[in-house]
Amino acid sequence: MSASLSLVVLDAVDAAPGVRSLSLADPSGATLPSYTPGSHVVVEIPAGEGRERPLANAYSLTGESLHPDRYSISVLHVPHSDGGHGGSAWMHTLGVGSQVQVLPPRSAFAPVRPASRHLLLGAGIGVTPLVSHLRSHARWGAPVEVLHLARPGQGAHLDDLVELGGDAVTLVHDRATWLTILRGRLRAQPMGTHLYTCGPAGFMDTVVAEATVAGWPAGRVHLEHFGIDALAPGEPFTVGVDGDVLDVPSGVSLLEALEEAGREIPSLCRQGVCGECRLKVGSATGLLHRDLYLTDDDKAAGDCVMACVSRAQPGADGRSHLEVLL
Amino acid sequence: MSAPAPPHYTSVPAWAREPVVEPVDHAGTSHSVLSVGPDGAAAAAHWLDALGCAGARVRHHDCADAAQAVDALETDLADALVGHRVLVAGSAQACLAVRAAAVRAGLSDAELRVAVTTVDERSVWCVHCHATNSAAAELEDVLACAGCGRTLLVYPHVSRRTGAHLGFMVDAEGPA
Ligand code: FES
């Protein structure tokens, strides 16, 4: 995993109810690494104050992507009652001058280069990677259209959307209206358009279902999953390690199964974004990669897996098994 | 397929090595059906039946040659919307030429279906004189370039943007 950057908070504002926008900069003012629009950074969150172990959360970068003098992120506070682990709560305590460790930007949601037009479909805090896309399209004059769903009186970056996209932006505050507009817009896009969606899992499921009904092939539909969305529990499989075979039941991760068996595996985010728990794979009946860390090439090579989120898939004989090399 | 394609054949679609009829993609909301030549027209008839039964929106073009099909497709795609599908029936050479026009218009492979009637003829682009030869040739055959007379190897690489195979002098590395 790449070395983390030590940054300080340059600017912190409450951008919308429950959303805090932070700018992170190098303490010396040096330029930070450039990134592809739609990239995210992973912020390390120390243990303590009720957090049993360190955490790491992924946040989309919303600002300037070329030679940036700061990384801008917007953090939605996810309370414990909604499945939060305390990471976003800690992020909300940060003020100007606070120090943070940040892993360099990674791209898992880039605009498709040969696309002739881009349709951006966001909801709530899912606006963040789309702002970054829109900023790039505005700069290059790429045809773009934005349909965004936000609760009335809520939602960060709505002013950015309008400023960058002007008439190409439609903001909607109720789901029924959104669905009607979505159905129309999905049927009015010139050939060559790609669509990008980011929002809660149920929202993106609706986008994918509606796009499929409207005849969109999967290759034109791009999704950015939030780390905070609970992953499906998955099917059971077995893992071989040094000659032992362990069961990994549904609802238990490969990482947890190895830890229970007394194996020490480095981990940080436990949600597939930080890269810490990467394991070498000797052989596998099939791999279900669910992380945002490995590149498509890594995934295609099939020789590594992120233990915190990914699982074995059944092979031709119906057996699900993978051999890891520690 | 009779034999799996060698690894360096990745740009040659399986249907340019052996005839195949792909099924209609009923996920499409409208379709352009292009048939090239009498064999192509016969192959496209099944598609038209299947689409007709489903009540799909179809634009059908019965074309004499690949150039006519490319023209018709370019006109169709100029105002096509996402959800549109393209079906091409004819020789592999014609299907590759029409696919190239589709790729240039932003279509993805998932939005294209083919019915290939024969794979005997190929377009071969000469890297030396830039002539495009049309010839009965198998992959890795040699042929004389109509433009410059060099003996060309039909290399197993097809351009997505022209539909032609790459041809270069077979003994290019030997002494002149
Ligand atoms: S612990 Fe971060 S990717 Fe697995």
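Residues numbered from 1 in each chain as written. Chains lettered and ligands numbered in written order. Predicted model: local features only at pLDDT ≥ 70, side-chain atom pairs only at ≥ 80, totals over all residues. Heavy atoms only, no water.

**Student:** Would you mind showing me how to read the sheet that holds strand β2 (residues 57–63) of chain B here?
**Tutor:** Remark on secondary structure: sheet strands pair via backbone hydrogen bonds, oriented parallel or antiparallel. Residue and element names in this part refer to chain B. Read across the open sheet, the 4 strands follow the order β2-β1-β3-β4; overall the sheet is parallel. Of all the strands in the sheet, the pair left with one neighbour each is β2 and β4 (112–116). Ignoring strand direction, the axes of neighbouring strands in this sheet form an average angle of 15°. One ladder, built from 5 bridges, connects strand β3 (residues 84–90) with β4; its direction is parallel. In the sheet register, Leu 87 faces β4, and the bridge partner there is Arg 113. Sitting on the sheet, helix α2 (residues 66–78) is in contact with β1 (30–36), β2 and β3, with an inclination near 170° to β1. (Pairing = 2+ DSSP bridges. Helix = DSSP H or I, 4+ residues; strand = E, 2+ residues; numbered from the N terminus. Axes fitted to C-alpha atoms, helices over the stretch in contact; angles between N-to-C directions. Contact = heavy atoms within 4.5 Å.)

**Student:** Looking at this model, I keep getting lost on helix α5 (residues 201–213) of chain A. Mind explaining?
**Tutor:** Owing to its 3.6 residues per turn, the α-helix brings residues three or four apart onto one side. Residue and element names in this part refer to chain A. Given a rise of 1.5 Å per residue, 13 residues ought to cover 18 Å, and the 18 Å separating the end C-alpha atoms of α5 matches this to within 8%. What α5 keeps buried is the set Phe 203, Met 204, Thr 206, Val 207, Glu 210 and Ala 211. The arc that holds every buried residue of α5, seen down its axis, measures 155°, which confines them to one face. Of the exposed residues in α5, those oriented more than 90 degrees away from the buried face are Asp 205 and Val 213. (Expected span 1.5 Å × (residues − 1). Buried < 20%, exposed > 50% of the residue type's maximum accessible area, 1.4 Å probe, protein only. Arc of directions from axis to C-beta.)

**Student:** Would you explain the interface of chain A and chain B in this entry?
**Tutor:** It is common to give the size of an interface as the accessible area that goes away when the parts come together. If you look at the interface, chain A gives 14 residues, while chain B gives 14 residues. Here chain A and chain B share an interface that buries about 980 Å² over both sides, 59% of which is from carbon and sulfur atoms. Three residues, Met 191, Gly 215 and Pro 217 of chain A, lead the burial of chain A against chain B; their summed loss comes to 54% of the area buried on that side. Linking chain A with chain B are 1 salt bridge, by the criterion used here. Across the contact surface, chain A and chain B share 5 residue pairs in polar contact (both at pLDDT 80 or more). Of the residues contributing to the side of chain A that touches chain B, the split by class is 8 nonpolar, 4 polar and 2 charged. (Buried area = accessible area lost by both parts, 1.4 Å probe. Salt bridge = Lys/Arg side-chain N within 4 Å of Asp/Glu carboxyl O. Polar contact = N/O pair within 3.5 Å; in protein donor to acceptor, adjacent residues only side chain to side chain. Nonpolar A, V, L, I, M, F, W, Y, C, P; charged D, E, K, R; others polar.)

**Student:** Would you take a moment to explain helix α2 (residues 127–140) of chain A for this structure?
**Tutor:** Residues and elements named next belong to chain A. With 14 residues, α2 extends 20 Å from end C-alpha to end C-alpha; this agrees with the ideal 20 Å at 1.5 Å per step. For α2, the tally of buried residues reaches 10 of 14 residues, placing the bulk of the element in the interior. Among all positions in α2, only Val 127, Thr 128, Pro 129, Leu 130, Val 131, Ser 132, His 133, Leu 134, Ser 136 and His 137 are buried. At the C-terminal side of α2, Gly 141 shows a positive phi close to 70°.

**Student:** Is there a simple way to think about the domain arrangement of chain B in this case?
**Tutor:** Residues and elements named next belong to chain B. Domain boundaries assigned for chain B yield domain 1 (19–116) and domain 2 (121–169). Placing a centre on the C-alpha atoms of domain 1 and another on those of domain 2 gives a separation of 25 Å. Taken together, the contacts link 8 residues of domain 1 with 11 residues of domain 2. Of the roughly 820 Å² buried at the junction of domain 1 and domain 2 (both faces included), carbon and sulfur atoms supply 44%. Of all residues in domain 1, Gln 93, Leu 96 and Val 103 give up the largest surface area on contact with domain 2, accounting jointly for 57% of the area buried on that side. (Domains from an automatic or database assignment.)

**Student:** It is not clear to me how the domain arrangement of chain A should be interpreted in this structure. Could you clarify?
**Tutor:** Residue and element names in this part refer to chain A. Split by domain assignment, chain A resolves into domain 1 (5–107), domain 2 (117–224) and domain 3 (237–325). In this structure, domain 1 and domain 2 have C-alpha centres spaced 24 Å apart. With 17 residues of domain 1 at the interface, the matching set in domain 2 holds 15 residues. If you sort the residues of domain 1 by the area they bury against domain 2, Pro 37, Ser 60 and Thr 62 come out on top, with a joint share of 35%. Counting the contacts that link domain 1 with domain 2 gives 1 salt bridge. Inspection of the domain 1/domain 2 interface yields 5 residue pairs in polar contact (both at pLDDT 80 or more). Within the residue set of the side of domain 1 that touches domain 2, elements represented by two or more residues are β1 (5–16), β2 (19–25) and β5 (71–76).

**Student:** Mind showing me how you'd approach the pairing of β2 of chain A here?
**Tutor:** Consecutive side chains along a regular strand alternate between the two faces of the sheet. All names here are of chain A. Burial runs high along β2: 7 of the 7 residues are buried. Burial along β2 is two-sided: Val 19, Ser 21, Ser 23 and Ala 25 and Arg 20, Leu 22 and Leu 24, pointing in opposite directions, are all buried. Pairing of β1 with β2, which is carried by 7 bridges, proceeds in the antiparallel orientation. Bridge pairing in β2 links Val 13 to Ser 21. Hairpin connection from β1 to β2: 2 residues lie between these consecutive antiparallel strands, with Gly 18 at a positive phi of about 80°. With 6 bridges joining them, β2 and β5 adopt antiparallel strand pairing. Among the inter-strand pairings, Leu 22 is bridged to a residue of β5, identified as Ile 73.

**Student:** Even after reading the chapter, I still don't get the pattern of salt bridges, so can you show me in this structure?
**Tutor:** When charged atoms on two side chains of opposite charge get close, those side chains can pair. Scanning the model with the defined rule gives 17 salt bridges over all chains in all. Each of Arg 117, Glu 145 and Arg 185 of chain A takes part in a single network of salt bridges with overlapping partners.

**Student:** Would you mind showing me how to read the environment of Trp 125 of chain B here?
**Tutor:** Residues and elements named next belong to chain B. Among the structural elements, Trp 125 can be located in strand β5 (residues 121–126). Taking relative accessible area as the criterion, Trp 125 reaches 32% and is therefore assigned partly exposed. A sequence separation of 38 residues divides Trp 125 from Gly 163, and the C-alpha atoms of the two residues are 9.5 Å apart. When near neighbours in sequence (up to four residues on either side) are disregarded, Trp 125 contacts His 130, Ala 131, Thr 132, Ala 164, His 165, Leu 166 and Gly 167.

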